Amino acid sequence: MPDRLTSVSDIDFTTKGKPFPSPRDWRDVFIYQLLIDRFDDDQEHPLYDPKTASRGRDPAQACMFQGGKIKGITRRLDYIKGLGCSAVWISPPFKNRIEYNDSCHGYAIQDFLSVDPRLGTLEDLQEMCREAHARGMYVIFDIVINHTGNNWGYPDDGGRPFNEKGRYDFGFWRGRNNEHIPHERVKDLGPDDGVWPVELQDPDAYKRRGEIRDLMNCGPDEAINGDFFSLKDLDLPRHEVMDAIIRIYKYWIAACDVDGFRMDTIGNTEPGAAAAFCNAIREYARSIGKDNFFIYAEIVAGDDKLQKFVGRNTPVEGTSERYPVFSACLDFPLYFVLEEVIKGFKSPGELRDRYERFNHFYRDYSEAGQYFVTFVDNHDQMARPFKRFMNGVGDWKQAALAIGYLLCNMGIPCIYYGTEQGFDGGGDNDLYVREAMFGGNWGAFDTTGVQFFNPDNPIYQSIARIARIRVEQPTLRYGREYFREISGNGKDFGHPIDGHCTLAFSRMLDVDEMLICMNLDMQKREDCVVVDGNASPAGTKFRDLLHEGVTYAVEHSGENGWCFVRVPLESHQMAILKRVS
C-alpha cells in the first residue's frame, strides 16, 4: 500500500493482527463523546481554579482550531475510563480543507483517506485505538457519507439556491489557496486541492442542485438532494460513488480496528443509499470477526419516524424501497423532554407517555432500549439552541441526576465531554457548547489556558459511582421498566402530576427488582414509592447501592393493597434500591 492513498483501488483491506471483538450487547457500554480539537492537546496546562483562572475569551477564536490532538485523547483514556465510560465516540478525524481554520468539527472532508494533520497522524489514530482496546474500551468514529467539504464551486463561485428542476453546471475545483482549478486540469490537483480520493474527482459524483434553502422547513426532495450549507452533496445512488464511500470506510476499520460508526446527516441521505452502506459495512465487519459492529444514526425526529430505522425494516411509503436498519439512533425524543423533567419544569408524565409509545412500535418493549443512544448534551443543540444542560443551573447535583437517569434507564447511555465537569456553555451559536477542555483560547466558564480534567469534581465522582453500579447490575441494562406511583401519606397513590416530586421507576429482570428514585424538588421529600407486590411483598428489604448501610423495608397499605417503600431524599438526591431479601 502506498504511503499516501489517492485511490480506493490501492487499499489493502487486510487487518493488522486479530481485530478487537465487538461487545455482546451495546447496552453494556457507556459512551463518552468528544470533539478532538476541543478535548485535549499534548501540552501541560494548570488545573482550573475558579478563584485564579484567567477570564475573558475572544469570541473571534471560538470557531478556530484550538489545538486539540489525537494524542490528547490517548493520554486521557484513563480519565475517561475512570468516569465509567467504556467507549469513546470521536468527531471525524479525516482531513478537512487546510486553508479553512474554522472546520474544527471535522464534517467538511477534503481527503477521506487521510487524517487531518492539525489533529495528528494515522499512527496517532492507530495508537489511540490500540490503547483504548488495551483498556477494554471501544472506539467509535463519527462519519459522513452524505456530502464532502466545500471542495468545488459552481460557475463564478456564486452561491446557488436549491434548483427544483435539475442540476447546475460544474464550475471548478477549489485549490489550497482558493484558486479556481478547471476540471480540465484535474490531473494537476495536489494533496490539498480539490477532493480525494480520485474516485470523487468526477463532477457527476455530485448532485449539483444547490444549497438547501431552509434546513428545518424544506420538502423531502430538497432535504435529500440539496447541498448541506456549502458542503457538496454526493450522488450516492450512483454505483461508482457508493462503491468509493463503502471502500473508504472499510479502510478505516481495517487500518484502525474501529468498533463502530456514528453516521451524520442521515435525514439528508437517501434511505436506499444508507441501507446499502450499512449492509456492506456490517458484512465486512463480520468477515473480520467484528460480529456486532455498531452503526447508529443522527435522525432528528420523533419515535414514529425513528422506529422505521431500528428494530424492523419498513418499506418507504408508496415505494418498494426500504429504510436502512441501524443498530440504534440517537434518542432525540428523550432529549426533547428529559431536561425539563429533571429540572422540575415539566411533569414526569411526559416521560411515561414517551415510553408507553414503544408498545406501538416494538414487539418486545423491554428490548427497545438497545435501539437508542441516550444523551442530555451534545455538540448539536436542538431543543435549547446552543445551551448545555447546566446553563443557568445552580445545583451540580442536577447534572448527576440527568446522567444517572441515562445510566439506570433504557438505552445505551452517552455523555458529552465536559458535562462531568459542569460545563455550562450557552450563546447564540453552537460554538458555545464546544468549549476546550484543555485550555486553549475558548475554555469553559469564559476561561483561557486552564484544563478541566479533574476526577475529584463531585459530578465526575457521582457519575462514576452510578456507572460502577450499572456494570454490576444487569437489571439496569436489560430489565423491563415501570414508572412507579408515589404517595405522601402511604394511602393515596398516583403518578406525579408536576415537577415537585420523586421520580421513580423500577427495572425488573426475571425475579430481580431495582427501584430508582430521584428527588426533582428543591425541598427534601419523603415519599412512599410503589414496588411490585408479587416480587417484593411486605417485609422485603431493599438496599440503597448509592448509600452504604441504608436499607428500607417494604410496607403494605391495607386499605388499597399497595406495597411500597418510604424513601427520604434530600433535594436533588438519588437512590438506587436493590431487593436483597
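Everything in this summary refers to the structure shown in the same document. Computed from a predicted structure; not experimentally measured. (Residues numbered from 1 in each chain as written. Predicted model: local features only at pLDDT ≥ 70, side-chain atom pairs only at ≥ 80, totals over all residues. Heavy atoms only, no water.)

1. Section: the layout of surface pockets
The cut-off we apply is this: Buried and open spaces are told apart on a 1 Å grid over the protein atoms alone, a cavity being a set of points where a 1.4 Å probe fits but cannot get out and a pocket being an open set with protein on both sides within 12 Å along at least five of seven lines. Residues with an atom within 4 Å of a point are the lining residues. Grid points are joined across faces, edges and corners, and a volume is the space filled by probe spheres set on the points. Helix and strand labels come from DSSP, where a helix needs a run of H or I of at least four residues and a strand needs a run of E of at least two; each type is numbered from the N terminus. Following the grouping adopted for this structure description, the nonpolar residues are Ala, Val, Leu, Ile, Met, Phe, Trp, Tyr, Cys and Pro, the charged ones are Asp, Glu, Lys and Arg, and the polar ones are all others, Gly among them.
There is about 1,500 Å³ of room inside the largest pocket. Around the largest pocket sit 47 residues that line it, and Leu215, Phe228, Phe229, Thr265 and Asn268 are the ones nearest its centre. Broken down by element, the residue count for the lining of the largest pocket peaks at 3 residues, all from helix H5 (residues 220-225). The residue inventory of the lining of the largest pocket, partitioned by class, reads 25 nonpolar, 12 polar and 10 charged. Approximately 390 Å³ is the volume found for the second largest pocket. If you trace the second largest pocket, you find 20 residues lining it, with Asp3, Leu113, Ser114, Val115 and Leu122 closest to the centre. Contributions of two or more residues to the lining of the second largest pocket are made by strand S4 (109-115), helix H4 (122-134) and helix H6 (239-256). Considering every element that reaches the lining of the second largest pocket, the biggest residue donor is S4, with 4 residues. By residue class, the composition of the lining of the second largest pocket is 10 nonpolar, 4 polar and 6 charged.

2. Quick notes on the sheet that holds strand S16 (residues 480-483)
This is how the line gets drawn: Criterion used throughout: strands pair if DSSP finds at least two bridges between them. Lines fitted to C-alpha atoms define the axes, with helix axes restricted to the stretch in contact, and inter-axis angles between N-to-C directions lie between 0 and 180 degrees. By definition, residues are in contact when any of their heavy atoms lie within 4.5 Å.
Strand order across the open sheet formed by 6 strands is S16-S18-S19-S25-S21-S22, with antiparallel pairing between neighbours. Two strands close off the open sheet at either side, each with one partner strand: S16 and strand S22 (551-553). Along the sheet, successive strands turn relative to each other by an average axial angle of 25°, direction set aside. With 3 bridges connecting them, strand S21 (residues 541-544) and S22 associate as antiparallel partners. Bridged to lysine 541 within S22 is alanine 553. Strand contacts of helix H12 (residues 397-408): S16, strand S18 (502-509), strand S19 (512-519) and strand S25 (574-579), with the helix running at about 165° to S19, the strand carrying the most contacts.

3. Brief notes about unusual backbone geometry
A cis amide bond links tryptophan 196 with the next residue in sequence, proline 197, at an omega value of 10°. Locating proline 197 in the fold gives a position in the loop between strand S9 (180-181) and H5. Of note in this structure, aspartate 257 is not a glycine but carries a positive phi near 60°. If you trace the backbone, aspartate 257 turns up in the loop between H6 and strand S11 (260-263). Here the phi dihedral of phenylalanine 445 falls at roughly 55°; this positive angle occurs in a residue that is not glycine. Structurally, phenylalanine 445 can be placed in the loop between strand S15 (412-416) and helix H13 (458-472).

4. Quick notes on the environment of lysine 290
Our working definition: Any pair of nitrogen or oxygen atoms within 3.5 Å is treated as a polar contact; in protein, a donor-acceptor pairing is required on top of that, and neighbouring residues in sequence qualify only through side-chain atoms on both sides.
Along the chain, lysine 290 turns up in the loop between helix H7 (271-287) and strand S12 (294-297). As a C-alpha pair, lysine 290 and lysine 387 span 97 residues in sequence and 37 Å in three-dimensional space. Contact partners of lysine 290, with chain neighbours within four places excluded, come to Pro19, Phe20, Ser22, Ile253, Asp257, Val258, Asp259 and Ala285. Within the structure, the side chain of lysine 290 is placed 2.9 Å from the side chain of aspartate 257, a separation counted as a polar contact. A polar contact is formed between the side chain of lysine 290 and the side chain of aspartate 259, at a distance of 2.8 Å.

5. What about the pattern of salt bridges?
Definition in use: The working definition used for a salt bridge is a side-chain nitrogen of Lys or Arg within 4 Å of a carboxyl oxygen of Asp or Glu. A simple rule labels every residue: compare its accessible area, found with a 1.4 Å probe on the protein chains alone, to the largest value its type can have, and call it buried under 20%, exposed over 50%, or partly exposed in between.
Following the criterion strictly, the structure yields 53 salt bridges and no others. In this structure, arginine 208 engages aspartate 204 in a salt bridge whose closest nitrogen and oxygen atoms are separated by 3.1 Å. Overall, aspartate 204 belongs to the partly exposed group, its relative accessible area being 36%. As a salt-bridge pair, lysine 290 and aspartate 257 come within 2.9 Å of each other at their nearest N and O atoms. With lysine 290 in the loop between H7 and S12 and aspartate 257 in the loop between H6 and S11, this pair connects stretches of sequence that are 33 residues apart. Here lysine 290 matches aspartate 257 in class, with each residue buried. Put simply, Asp40, Asp41, Glu44, Arg75 and Arg76 are held in one network by salt bridges that share partners.

6. Description of the pairing of S15
By the criterion of burial, S15 is predominantly enclosed, with 5 of the 5 residues buried. Judged by which residues are buried, S15 turns out to be covered on both faces: Ile412, Cys414 and Tyr416 on one side and Pro413 and Ile415 on the other are all buried. Across 3 bridges, the pairing between strand S1 (residues 31-34) and S15 is parallel. Directly across from isoleucine 31, in S15, lies its bridge partner cysteine 414. Pairing of strand S14 (residues 372-374) with S15 involves 2 bridges; the strand directions are parallel. Its bridge partner lying in S15, threonine 374 is registered against proline 413.

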